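A look at the structure
Next come the chains, spelled out residue by residue.
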Amino acid sequence: MSAGEAVLTAPPTTAEDDGQAVGLLPQLLLALVCAGYTTGATLGWGRHEIALVMGDFGLAAAAAAASVSSLLYARRAAGPHRPAWLLFSCSSAMTALGNGIWGWYEVVLRRPVPQTSAADFCFLMFAPPAIIGLLVLAKRPVTRAGWVCLALDTWLIGGSLLTLSWSLALARTATIDGPSTARMALSLAYPLLDIVLVSMVLALHFRRAGVNRAAVNTAIAALALTVLCDALFTSPLLREHYRSGQVLDAGWFAGSLLLAYAPWVGARMSASPHPHPPRRAGAATRKVATSLTALTPYLAAAVCTLGILYNVINGQKCDRVVLLTGCTVVMALVVRQGIMLLDNIALTQELAQKENHFRSLVQGSSDVIMIAAPTGVLRYVSPAAQGVYGRDPEEMVGTELAAHIHPDDLGRVLHEVRRFLAAPPGDEPSTRIECRIRADRIERPDRPDRPDRPGVRHGWLDIESSVTRYQGGLIFNSRDITERVRLQAQLQHNASHDPLTDLPNRALFLERLGRAVGGRRAGDARTAVLYVDLDGFKAVNDTVGHQAGDDLLVQAARRLRATLRSSDVAARLGGDEFAALISGPEGATAASPAPYPAHPHPGHPGHPADRFVFGAHGPIPAPRTATADPPKPGPRPTVEERIRDIADRLRTALSEPYRVDGIEVRVGASIGIAFAEPGAAPGEVMRHADLAMYRAKQSGKGRVELYAPRLQAEAVRRTELAGRVRTALDNGDFTLLHQPVVELSGGRITGVEARARWRTPQGILFTPAEFLYPGDGAERDLETARLFDHLLDQAVEQAALRYGAGHRVPVTVRLSARRLLHRDPPATGIEHLLARHELPPSGLVVELAGDDPRIAPEELERRLTCLRRLGVRIALGGFAAGYGSLGALRTLPVDVIKLDRAFTDGVVESTRLHKITRGLLGIAADLGIRTVADGIDRPEQVQALREMGCAHGVGMAFSGPLDEHHLRGSLTRGGYPVCSNAETPVPPA
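Since this is a predicted model, take the numbers as computed values, not measurements.

In this section: the overall build of the chain. Assigned secondary structure in the chain consists of 33 helices and 23 strands. Per-residue burial over the chain gives 44% buried out of 989 residues. Look at the contacts in the chain between residues 6 or more apart in sequence, and 66% of them connect residues 24 or more apart. A total of about 51100 Å² of accessible surface is found on the chain, and carbon and sulfur atoms cover 60% of it.

This part takes up the packing of aromatic side chains. Considering all chains together, one arrives at six aromatic pairs under this definition. A ring pair is formed by Y73 and W85, whose centres lie 5.5 Å apart and whose planes are at 80 degrees; its orientation type is edge-to-face. Highlighted residues: Y73 in helix α3 (residues 48-76) and W85 in helix α4 (residues 82-108), separated in sequence by 12 residues. Each member of the pair, Y73 as well as W85, is classed as buried. Summarising the aromatic geometry, the rings of W102 and F123 are spaced 6.2 Å apart at their centres and angled 45 degrees between planes, so their arrangement reads as tilted. Residue W102 is found in helix α4, and its partner F123 is found in helix α5 (residues 118-124); the two are separated by 21 residues along the sequence. Ring pairs connect the aromatic residues Y73, W85, F88 and W264, which therefore count as one cluster. The ring of F420 has R469 sitting right over it, with the charged end atom 4.0 Å from the ring centre. The aromatic ring of Y658 is capped on one face by R559, whose charged end is 3.8 Å from the ring centroid.

Turning to the sheet that holds strand β14 (residues 704-706), a few remarks are in order. Read from one edge of the open sheet, five strands run β7-β8-β6-β13-β14, paired in mixed fashion. Strand pairing shows two members of the sheet lacking a second neighbour, β7 (569-574) and β14, which therefore form its edges. The average undirected angle you get between the axes of adjacent strands in this sheet is 20 degrees. As paired strands, strand β6 (residues 527-535) and strand β8 (residues 577-583) are joined by seven bridges and run antiparallel to one another. Opposite D533, over in β8, you have E577 as the bridge partner. Lying on the sheet, helix α20 (residues 546-563) is in contact with β6, β7 and β8; it crosses β8 at an angle near 10 degrees. Lying on the sheet, helix α21 (residues 639-655) is in contact with β6, β8, β13 (668-676) and β14; it crosses β13 at an angle near 155 degrees.

It is worth spelling out the nonpolar core at this point. Counting 66 residues, the largest nonpolar core has L820 and F958 as the members making the most contacts within it. By residue number, the principal contributor to this core is helix α25 (residues 778-804), which donates eight residues. Membership of the second largest hydrophobic core comes to 42 residues, among which are A84, I220, C229 and L257.

Right, let's talk about unusual backbone geometry for a bit. In the Ramachandran plot, R110 falls in the positive-phi region, its phi being about 60 degrees despite a non-glycine side chain. Along the chain, R110 turns up in the loop between α4 and α5. The exposed category is assigned to R110, whose relative accessible area is 63%. The backbone of D502 shows a phi angle near 65 degrees, a positive value even though the residue is not glycine. Looking at where D502 falls in the secondary structure, it is placed in the loop between α17 (482-496) and α18 (506-518).

A few words on the side chain of S970. Mapped onto the fold, S970 is located in helix α33 (residues 964-973). Residue classification places S970 among the buried residues on the basis of a relative accessible area of 3%. Here the side chain of S970 touches R973 through a polar contact of 3.2 Å, side chain to side chain. Discounting chain neighbours no more than four positions away, the residues touching S970 are I749, L962, G975 and Y976.

Let us look at α21. It helps to recall that an α-helix has 3.6 residues per turn; residues three or four apart then point in one direction. Between its terminal C-alpha atoms α21 stretches 24 Å, which fits the 24 Å expected from 17 residues at 1.5 Å a residue. Taken together, the buried positions of α21 are occupied by V639, R642, I643, I646, A647, R649, L650, T652, A653 and L654.

We now examine the confidence of the model for the chain. Looking at the chain as a whole, the pLDDT averages 76, with 71% of positions reaching at least 70. This model gives residues 1-22 a pLDDT under 50, and the stretch forms 27 contacts once residues within four places in sequence are excluded. A low-confidence stretch, residues 269-286 stays under pLDDT 50, and its non-local contacts, those more than four residues away or across chains, total 12 contacts.

Bringing α4 into the picture now. Relative to the 39 Å expected for 27 residues at 1.5 Å per residue, α4 spans 37 Å between its end C-alpha atoms, a close match to the ideal helical length. One or two positions beyond α4, positive phi appears at R110, with a value near 60 degrees.

Relative to each other, α3 and α4 sit at 160 degrees, their axes nearing to 7 Å. Relative to α4, the element α3 is oriented roughly antiparallel. Crossing hand, α3 versus α4: left-handed. For the contact of α3 with α4, the per-class residue count stands at 20 nonpolar, eight polar and four charged.

On to the pattern of salt bridges. Between side chains of opposite charge, a pair can form when the charged atoms approach closely. Under the defined criterion, the tally for this structure stands at 34 salt bridges. Across the pair D409 and R412 runs a salt bridge, and its minimum N-O distance is 3.5 Å. With D409 and R412 both in helix α16 (residues 407-422) and three residues apart, this pair spans about one turn of that helix. Accessibility expressed as a relative area gives 8% for D409, which makes it buried. Here R901 makes a salt bridge to D905, at a shortest N to O gap of 3.8 Å. Here D905 falls in the partly exposed class, since its relative accessible area comes to 38%. A single network of salt bridges, built from pairs that share partners, joins E753, R755, R814, E847 and K898.

Here we take up the pairing of strand β1 (residues 368-372). Of all five residues making up β1, five are buried, and the element is well covered by its neighbours. Because side chains alternate across β1, one face comprises the buried residues V368, M370 and A372, and the other comprises I369 and I371, equally buried. Strand direction decides the pairing type here: β1 and strand β2 (residues 378-381), joined by three bridges, are antiparallel. Bridge pairing links I371 to Y380 in β2. Between β1 and β2, which pair antiparallel and follow one another directly, the connecting turn spans five residues, one of which, G376, has a positive phi of 95 degrees.

Take a nonpolar patch on the surface next. Taken together, the side chains of V53, F57, W104, V108 and L109 make up a nonpolar region of the molecular surface, amounting to roughly 410 Å² of accessible area. Taken together, the elements giving at least two residues each to the nonpolar patch come down to α3 and α4. Here V53 shows up in helix α3.

Here helix α27 (residues 830-837) crosses helix α28 (residues 857-870) at 20 degrees, and the two axes come no closer than 11 Å. By the angle class used here, α27 and α28 are roughly parallel. Regarding α27 and α28, the two cross each other, and that crossing is right-handed. Every residue of α28 that contacts α27 at I830, E831 and L834 is listed here: R863, L867 and L870. Of the residues that constitute the contact of α27 with α28, the class distribution is four nonpolar, no polar and two charged.

Residue position: R75 is located in helix α3. Relative accessible area serves as the criterion here: at 64%, R75 is assigned to the exposed category. R75 sits 11 residues away from L86 along the chain, and the two C-alpha atoms are 8.7 Å apart.

For the rest of this paragraph, the subject is the pairing of β8. Looking along a regular strand, one sees the side chains alternate between the two faces of the sheet. Buried residues dominate β8, accounting for five of its seven residues. With five bridges connecting them, β7 and β8 associate as antiparallel partners. Note on β8: the bridge partner recorded for A570 is A580. Hairpin connection from β7 to β8: two residues lie between these consecutive antiparallel strands, with G575 at a positive phi of about 60 degrees.

Analysis parameters
- Residues numbered from 1 in each chain as written.
- Predicted model: local features only at pLDDT ≥ 70, side-chain atom pairs only at ≥ 80, totals over all residues.
- Heavy atoms only, no water.
- Helix = DSSP H or I, 4+ residues; strand = E, 2+ residues; numbered from the N terminus.
- Buried < 20%, exposed > 50% of the residue type's maximum accessible area, 1.4 Å probe, protein only.
- Contact = heavy atoms within 4.5 Å.
- Areas by Shrake-Rupley, 256 points an atom, 1.4 Å probe, with all protein chains shown as cover.
- Phe/Tyr/Trp six-rings, centres within 6.5 Å; stacked < 30°, edge-to-face > 60°.
- Lys NZ or Arg CZ within 6 Å of the ring centre and 35° of its normal.
- Pairing = 2+ DSSP bridges.
- Axes fitted to C-alpha atoms, helices over the stretch in contact; angles between N-to-C directions.
- Core = buried A, V, L, I, M, F, W, Y, C linked by side-chain atoms within 4.5 Å.
- Polar contact = N/O pair within 3.5 Å; in protein donor to acceptor, adjacent residues only side chain to side chain.
- Expected span 1.5 Å × (residues − 1).
- pLDDT = per-residue confidence, 0-100.
- Parallel < 35°, antiparallel > 145°, perpendicular 65-115°, else oblique.
- Left-handed = near helix turned anticlockwise from the far one by under 90°.
- Nonpolar A, V, L, I, M, F, W, Y, C, P; charged D, E, K, R; others polar.
- Salt bridge = Lys/Arg side-chain N within 4 Å of Asp/Glu carboxyl O.
- Patch = residues over 30% accessible without salt bridge, like charges linked within 9 Å, V, L, I, M, F, W, Y side chains within 5 Å.

Next up, the structure:
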């Protein structure tokens, strides 16, 4: 490759175009200078003096330029090739010095150059540094045999050239120079060194290193041009007529300038801002280079032998030098051939060993290796196919690869193979393909009487193959990844399904819901979401155990799946919450399976007598017996009615008794329904269904509620109210009022009941029923606990202050069972509050309010017993309802029962209620429990309850809730008149 070609092959990027333009200018200048020198030499330079100057000092200047250029590059460059350029600099310096001495004689002294001068020594010293420099640039052999072959190749080329040149010219030159040994040696030294240099150039041309190849090529071309001119100068004919400044000097001049330019060819390419690796040579170029490398020594030896034979045939006498050189060349050729033979034997053995290793590796590999021809026919299948596929590899050879791939994967595999074959091999050397391959599993039948008859079960294995090119075809390196694929599928299933019930989880349900509503249009069948919550499930966990609760959830999930159609989606959202996605209940056909199963007894919703299969044109009655009367046509139910009917059937199925751990338990189901409009967000639909379910639980549980926009508004109001309550707690806006507990016989105040109130900035008082929204959520429980902790602390503190002022009346505080069983920190417990505020335990009455089925009665009994031992008295609020039922008197330690307002409101008017109330009060009297009647608002109620035996009462007949100031006044007065309502105080604002 010439210097110009090396630059022109640079990648055509913008930055490299600039580098190319920079490199083209020196090439043009080099060509112009050489052409100008050649033109001048051809024309004789016009004058003899100018010809002498240009022929001597011009060549010296060109050689000096080459020396300085090589030296500068050697100082800048680093690496193993740096000494070569230093040697080239030294070689060019010798040439420059020799031409300078030659010019000193011819131009300055104006006399002929002596036959033996210092210039001859300088010219002789040109070749050795150049030869060593070429050795440095060459690719060094890695073995001793390689060095021997390199030396033999060099001698084969050099000996052949010496034989030819001696026959053609050197013998005559030695004769012409006369008997002077020194003169003859000097005359022969030039051509001999040039022959060595040419031999090195030819021997190393195909062995040069790949680094900075353009510079090396240019340097070799420069040295070759110089040697060619030296060979022409050695010719007696040209030497006799040689004069300085002639055309022969143009060759030396061009060689020196080319060597000066050589190192910077590669320097510009490597300094390019976007260097690219050299382009790969084609296969034909590599084959030609390899052939020339191997044949060059043999061709030289053949030329030498042909030259000797030519002289013998023509009857010419063979010179001793020619015979000696020819014999050594033949001997070198024989030795080289022997070395090559030994190398071939070693390579053959090594190749056979590697082939054995490769065969053992392929046959012993657990991966299946297959080689397919370009037509897709299998040429080779490794023995591993027997263990992986259960098939004989020899039977697979010759078959088409497509015949073994699953039909569903064939199109994808063919597309990937075609794409891979069309891609450049350098850009994509391999690819990966996953598909299913036919496999035959040999199994013995289950029949014990025929154990000798194995059976074959056909199946498919998931295979991952690494595909590479091979002689126009493909190599498939395949391994069985069936277990990995199954594991991935199981992991994906586990990530999208509930581990307990195996129902889809919330994420998968929302995805299915999104697909259901995303692809529907306004006229399509409506999609509904049922949000299901099991009522009383926590009580099952607390009483029977969590394992039993898990069993109940599994059974509930089975009932949920059995109740819905196969096209519907059931999911477990978490805890005891489930969901169902009903897509177009009117879209099923009459031939489809019954969407919702029958229930066991007639008259029950969903019994076969009442069940419908929804067809394309409305409900179709279920088949009846032949003697049954045909059903009468009725009005077609609406979509809402159908969905509600589905929800009722589901609620009934989930409310049936469950058998867990050998016992029967019952839970209910509250269901909320929300319809999804086309394009609705899945999260919004789920919120609507959740609100409807929450409404069902608020309305008494075990119900089905349909979402309405007002539920969203109520939820917003509850959220806002909860925020305002939290803010009021932080600001201290809650206060306590106290309502006196009056003795019905004399009107004496025997106690007070603490009443919580929220005082707004406008001075409005709200009762707990107005600011505590109903429900049993965790947020509501936390908010209520925080509020009543604050009010309990205030009640105990104010009661202690009243005790200190001499008003020793106990304060009654209403607490829920959940609050009583809450694990209080020491600073907020009832015991700590009494000790901190120095209130005697008898000064506190804890009124148990409400009925919470989630609370275990045994735990409540233990807690109340502890408080009673402390001295705190226990009251049952709302007697005859909730924890105030008669059954509570049997287990709970009770000091006071508070008769529910429902019994006092109509005690005067209703004779039946009068008898019931008298009976309840009689039971309390027999048990020695003090009674308090709630809601006494009229004097006649006071009279009636007093006659029945009720000892105390609370109500507007005596006083409403009082603030601390008015309460102190009432306590100072000591009581209220029991037969008049005229002095009933009004609650302070």
